[in-house]
Structures are given as structure tokens and as C-alpha cells.
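A look at the structure
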Amino acid sequence: MSVVTHTQETPVAQIAALIHGQSLRLPSLQPVLSNWPTLLSPHYAELKKKVGMKIDEWISDERVRRKAQIIDLPLFSSIWYPHATLDRLEMITWYSMWIFLWDDVIEDSATPASGITDKVSWIHHQALKYMEYHLGLSSSLEEPIPPTKYCTLFRYAAEPFRKASSLLQRIRFYEELKVYMDGCEVEQEFVRAGELPSWREYWSHRLGTSSVHTYSALGEYMSGGNIPPEMFDTPELKELWVGINRHIVTVNDLISFKKEVEKSSFHSLVPIVMNETGANLDTVVDSLVDTLRNIGDSMNRAGDRLIALAENSHGAQGRQNMEQAPGDIGEEPLISRTDYRPSCNLHDFLGEKQQLQMHIWKYVRRYGFFGRLNTNTTWGDWDMGLSAPALDISAFCLPPVADVPAGESNVSVTCGHNWQDPLTKNYPLRNTSKTTFASGNRTFTLDYILANGICQPISDKYQWGFSYLQLYIVINVVLLWSTGIFLLWLKAQFNLPLAQYDRVPRELECMLHMSRELQRHFKKSGVES
């Protein structure tokens, strides 16, 4: 490694002179890291054996092979993802191997095309093309040339990941790989110039160069989790994602500070904070340890809010999905685990079905239906190139006003109703006789619905027949009640003569009425009065 010689005027030289001769007193980080899980995967021994055999087979350079064996990436993977399956641990180990080695042998790299002067930038760009191809996101049918000798290690990780992951997971991972590459280029510019970035500039690219973002994008895949898509768009999850990254970077910069100084490398937090604040070494170290405590507390609060949000949105199942990974995990919450760091970089977080609908909507809006155009096209927001002809996307009858997918503001677009077939010059999607309904992954034409469709109650919905039965019962009860009231009225009319009078008899009149009734009663009984 070449060591940059700094003049006395540069900030790097000033910090180097300030640090020279000082003693680094790093306090114990055990209290700060006490809440972090320290489990080891039961697959570690088997994983180390399998990876060791493949290192001997795939890495020919003796120096690089020895480096790959010394860093013990199987141990790294087994601690980082203690509950992952063996095949996924092997995948993440080869990805980590790629992170460590892909740009290690620059002198063995491919030669850029003539006219390209920035070889590092070209290598990064070529590496992205190589990764895009092996993730199944490239329109190219031919494998790009790997820019470095050990960039080929990526395909050993990409192949199992591509087979077991969803399209959205692969896109999210690739987007974070681009962030990583961009950050590496920015960091190299500072190193070549012999300059120290500001605290803000450092974090703007260090969150990428740490590669923690890429592991965040792999978190759902590695844990085998089923995270609701909308959860990725929450501030709480983003806070966790950034927090885990800053936590790891800060710990790394503190522990590796002595080694970096010996290599005349000052591109880390301790020199940068010293340069900005003017504080001494002990003060800066203490402030960074306090920062670690604050990050941990902030992540705990964000995790609690995220779990509550998942429960409010998806009930007990949503809470379980966020708290606990499937499989053999019995006690450990997924939120507190280091392998759960979903990415929050993708511009939309729709479910895959909704995202596919949106991409189809945009595609036919641009290129039409039925593959009529014989031209190259692009698919999706990442502009994946597709060779001619255009995709043959068919439709039935589309309404005059179509729903516009989320993120689109042009509500005047009808998305097909006014589409004119360039061959027949007709408007095939206006034909209402082709109206089609879908249910249970089956389609039914309008003619079939008119011929066979009937209205009937659904077993788990409101029962229409109950209303008629209730009405029948109520009518009969009211009829019986009315009949009884009428009979009671008749009895009163015939058996209660006084009911015919408008007023109530009083005093002697009552005696006359009573005498008349007694006389009638005696006569009826044969008694002489």
C-alpha cells in the first residue's frame, strides 16, 4: 500500500502531528453492547468446512487465500445471522467474501476501453453491470466482463439469492449496492486528495462504504421473514436502519483507530471529530462512546414504535411478523437482532402485485398493447432494457376513466380506452361486449355473467332471507294481537252496559241503576221483588 505524504499545511498532516505521541485510552464497550445478541449459529462448524474447501478451489492466489482464511467469514456470518439456514449462511458468507476481496487485486483487473482515464470509476461501473446481470435485473443476454479477478465471487452469492428471493428484494439489494459503489468513489476522492471530510461529508458516504446498507437489504431474505411491504416506508424502520449503520461504523472506527494511524490513514471518525471540534483525543473518544449509548436508546424507542405500528395495522399477526423470525427462534425479538435491517432506500414500497400493475400501466401507456411496436423498450422505474419487439400485453375492455396508480398525477390518462391499434386503426379496448370479470383467479365474460349469473346470499355475509322470515313472523303476531283486542272490545260492548254511557252515574242515580239491575236479576231467577 502506498502512503500519501502530507505537507504541513494539510488538515491530515495537522491531525497526524496532533495525534503523534498520544495514548489512546479506549473504555470498555461491554456496557454499551450488552443488549446485543451474542449467539452462534449451530451450523458454524459445517459452514466453515464447506467454505474452506471452496476457498482452496476458487482462490488461486496464495496471499489472497490466506487472507480469506484468516478473517474467518463463516464465524462472522454465524454470529451475524445465528438463526439462518445453512444454505443462506453460505450465500451471505460468499457475499461477505466478495465485499472483502473483489477490489483487492486491482493490478489483475480488466482493461477499460480507450478514452477512459478514471480506472477506479470504470471498475465500479463495470462491477455494477456484472452484479445487475447475476441478480437477473439486466437486459443483457451476455455476461459482462468481471472488472477484477475476484469480482467473480459475487455470482456464488447471487445465484442462490436470485432463486429464493422476490423481484422487489433483488431490486432493493441492487439499489444498496449502487449506494455502496458511489460511496467508495467519494471516499477515494478524499484519500487521493489527502483531505479530511467534514463530519457531515463523512457520514454522507460512510453509510454507503460500510456496506451495512447492503446487508440491510438482505435482512428479510436471511431471516426468512414476511414483513408487510408498507412497513419499509415508515420513519421508525428507517431510524433503525440508519442507527444500526452508525453504531457499527462508530464501533469499528474506535477499535481500528490505532491500526489506521499506523497505516497513515486518517479517514475515520476520531481524526475527523478532532479536526472539527479541536478537542483532544480522550474527549473525542468519550463523546463517541456517549454517541453509541444514544444511538442504542434511539433504536430501542424506534423498535417499540414500529412493533406498535405493525400491531395497529395488521393485528397480532403483524406484531408477530415484526417481533419474531420464523423457524427455530423461540425468544429473541427480530427487532433487536443485528440481522434485521431492512432497507429504506427504494422510492416506492408497494407490494409486488401493486408494483407489477404500476409497471404494466406505465409500459402500455408508452408502448401500447399486443406487442405491435417492433422496437427496443424499457421496463420499470430502473429502465431495464428489453430487445424488440415490444411485450405482447393484452387486455379486454377498459373503462373511459381508469384508476391511476399511486405516484401518478396525470389523472386524464385513460390507460387504454382510447388506444388505437396501429395496424387496424380500430379501438379494440372500447368494445363493451368483451368486458370480463375476474374471481378466484378465473375470468368470466359478460355474456357468461348475463346467462348464468344469479343474485344469492353469500354464506359468510348478511342473509337476505332472514328479513322475509322476520316480516312474516311479525305480521302474524300483529294479526293475532289485533284479533284478541277486537274480541275483548266485543265482550265489553255486550257484557258491560255502562260502557254505552258517556258519563259516570253519581249519587241517587247510581241507586236507580243498581235497583233496576237487581230487579232484572231477580226476575230472571224467578224471585218476586
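Computed from a predicted model, the values in this text were never measured in an experiment.

Definitions and cut-offs
Residues numbered from 1 in each chain as written. Predicted model: local features only at pLDDT ≥ 70, side-chain atom pairs only at ≥ 80, totals over all residues. Heavy atoms only, no water. UniProt positions renumbered as here; feature names shortened; annotations may be inferred. Helix = DSSP H or I, 4+ residues; strand = E, 2+ residues; numbered from the N terminus. Axes fitted to C-alpha atoms, helices over the stretch in contact; angles between N-to-C directions. Parallel < 35°, antiparallel > 145°, perpendicular 65-115°, else oblique. Left-handed = near helix turned anticlockwise from the far one by under 90°. Contact = heavy atoms within 4.5 Å. Nonpolar A, V, L, I, M, F, W, Y, C, P; charged D, E, K, R; others polar. Buried < 20%, exposed > 50% of the residue type's maximum accessible area, 1.4 Å probe, protein only. Arc of directions from axis to C-beta. Salt bridge = Lys/Arg side-chain N within 4 Å of Asp/Glu carboxyl O. Core = buried A, V, L, I, M, F, W, Y, C linked by side-chain atoms within 4.5 Å. pLDDT = per-residue confidence, 0-100. Phe/Tyr/Trp six-rings, centres within 6.5 Å; stacked < 30°, edge-to-face > 60°. Polar contact = N/O pair within 3.5 Å; in protein donor to acceptor, adjacent residues only side chain to side chain. Expected span 1.5 Å × (residues − 1).

**Some details on the UniProt feature "transmembrane region" (unreviewed entry) in the protein**
- With numbering aligned to this structure, UniProt lists the feature "transmembrane region" (unreviewed entry) at residues 469-490.
- The distance from the first to the last C-alpha atom of residues 469-490 is 32 Å, and the span holds 100% helix and 0% strand.

**Some details on the packing of helix H2 (residues 44-58) against helix H5 (residues 86-101)**
- Across the interface, H2 lies against H5 with an axial gap of 10 Å and an inter-helix angle of 45°. By the angle class used here, H2 and H5 are oblique. Here H2 runs over H5; the crossing is right-handed. Along the contact surface, H2 presents Glu46, Leu47, Lys50, Val51, Lys54, Ile55 and Trp58, while H5 presents Leu86, Leu89, Glu90, Thr93, Trp94 and Met97.
- For the contact of H2 with H5, the per-class residue count stands at eight nonpolar, one polar and four charged.

**Notes on helix H7 (residues 154-164)**
- Considered for burial, the residues of H7 that qualify are Phe154, Ala157, Ala158 and Phe161. The arc that holds the buried residues of H7, viewed along the axis, is 95°, so those residues lie on one side.

**Notes on the pattern of salt bridges**
- Counted according to the given criterion, the structure contains 14 salt bridges.
- Across the pair Glu90 and Lys50 runs a salt bridge, and its minimum N-O distance is 3.2 Å. Of this pair, Glu90 sits in helix H5 while Lys50 sits in helix H2; the two residues are 40 residues apart in sequence, bridging distant segments of the chain.
- Its relative accessible area of 11% is what places Glu90 among the buried residues.
- The exposure class assigned to Lys50 is partly exposed, which follows from its relative accessible area of 31%.
- A salt bridge links Glu236 to Arg305, with the shortest nitrogen-to-oxygen separation between them at 3.8 Å. Taken together, the residues span a long stretch of sequence, with Glu236 in helix H11 (residues 235-255) and Arg305 in helix H14 (residues 281-323) at a distance of 69 residues.
- Take Glu236: its relative accessible area is 15%, and that puts it in the buried class.

**Let's talk about the packing of H7 against helix H8 (residues 167-193)**
- Between H7 and H8, the least distance of the axes is 11 Å, while the angle of their chain directions is 150°. Classified by the interaxial angle, the pair formed by H7 and H8 is roughly antiparallel. Crossing of H7 against H8: the hand is right-handed. Packed against H7, whose contacting residues are Phe154, Phe161 and Arg162, the element H8 presents Gln169, Arg170, Phe173 and Leu177 at the interface.
- In terms of residue class, the contact of H7 with H8 is made up of four nonpolar, one polar and two charged.

**Remarks on the nonpolar core**
- Tyr95, Met97, Trp98, Leu135, Phe154, Phe173 and Leu177 are the most contacted members of the largest nonpolar core, which totals 48 residues.
- Secondary structure elements with two or more residues in this core: H2, helix H3 (62-70), helix H4 (73-80), H5, helix H6 (119-134), H7, H8 and helix H10 (212-223).
- Sort the elements by how many residues they give to this core and H5 lands first, with ten residues.
- Judged by nonpolar contacts, the second largest core, of 26 residues, contains Leu29, Phe266, Leu269 and Ile272.

**Points about the confidence of the model for the protein**
- Taken residue by residue, the protein gives an average pLDDT of 76. The fraction at 70 or more is 78%.
- Confidence over residues 1-8 falls short of pLDDT 50; this stretch has eleven contacts with residues more than four positions distant or in other chains.
- Taken as a whole, residues 106-117 scores under 50 in pLDDT and shows 17 contacts with residues more than four places along the chain or in a different chain.

**Focus: the packing of aromatic side chains**
- Taken as a whole and assessed by the stated rule, the structure comprises 21 aromatic pairs.
- Aromatic side chains Phe161 and Phe173 sit 5.4 Å apart centroid to centroid with 75° between the ring planes, which places their arrangement in the edge-to-face category. Note that Phe161 is positioned in helix H7 and Phe173 in helix H8, a separation of twelve residues in sequence. Each member of the pair, Phe161 as well as Phe173, is classed as buried.

**So, the environment of Glu143**
- Within the secondary structure, Glu143 sits in the loop between H6 and H7.
- Taking the relative accessible area as the measure of exposure, Glu143 reaches 36% and is therefore partly exposed.
- Sequence separation between Glu143 and Tyr133 is ten residues; the distance between their C-alpha atoms is 6.6 Å.
- Other than its neighbours up to four places away in sequence, Glu143 contacts Tyr130, Tyr133 and His134.
- A distance of 2.7 Å separates polar atoms of two side chains, one belonging to Glu143 and the other to His134.

**Looking at the side chain of Thr250**
- Structurally, the position occupied by Thr250 is in helix H11.
- Only 2.7 Å separates the side chain of Thr250 from the backbone oxygen of Arg246, close enough to count as a polar contact.
- Residues contacting Thr250, with those up to four places away along its chain left out, are Trp203, Leu269, Leu288 and Leu292.

**Remarks on H5**
- With 16 residues, H5 extends 22 Å between its outermost C-alpha atoms, agreeing within 8% with the 22 Å of an ideal straight helix rising 1.5 Å per residue.
- Within H5, 14 of the 16 residues are buried, which leaves it mostly tucked inside the rest of the structure.

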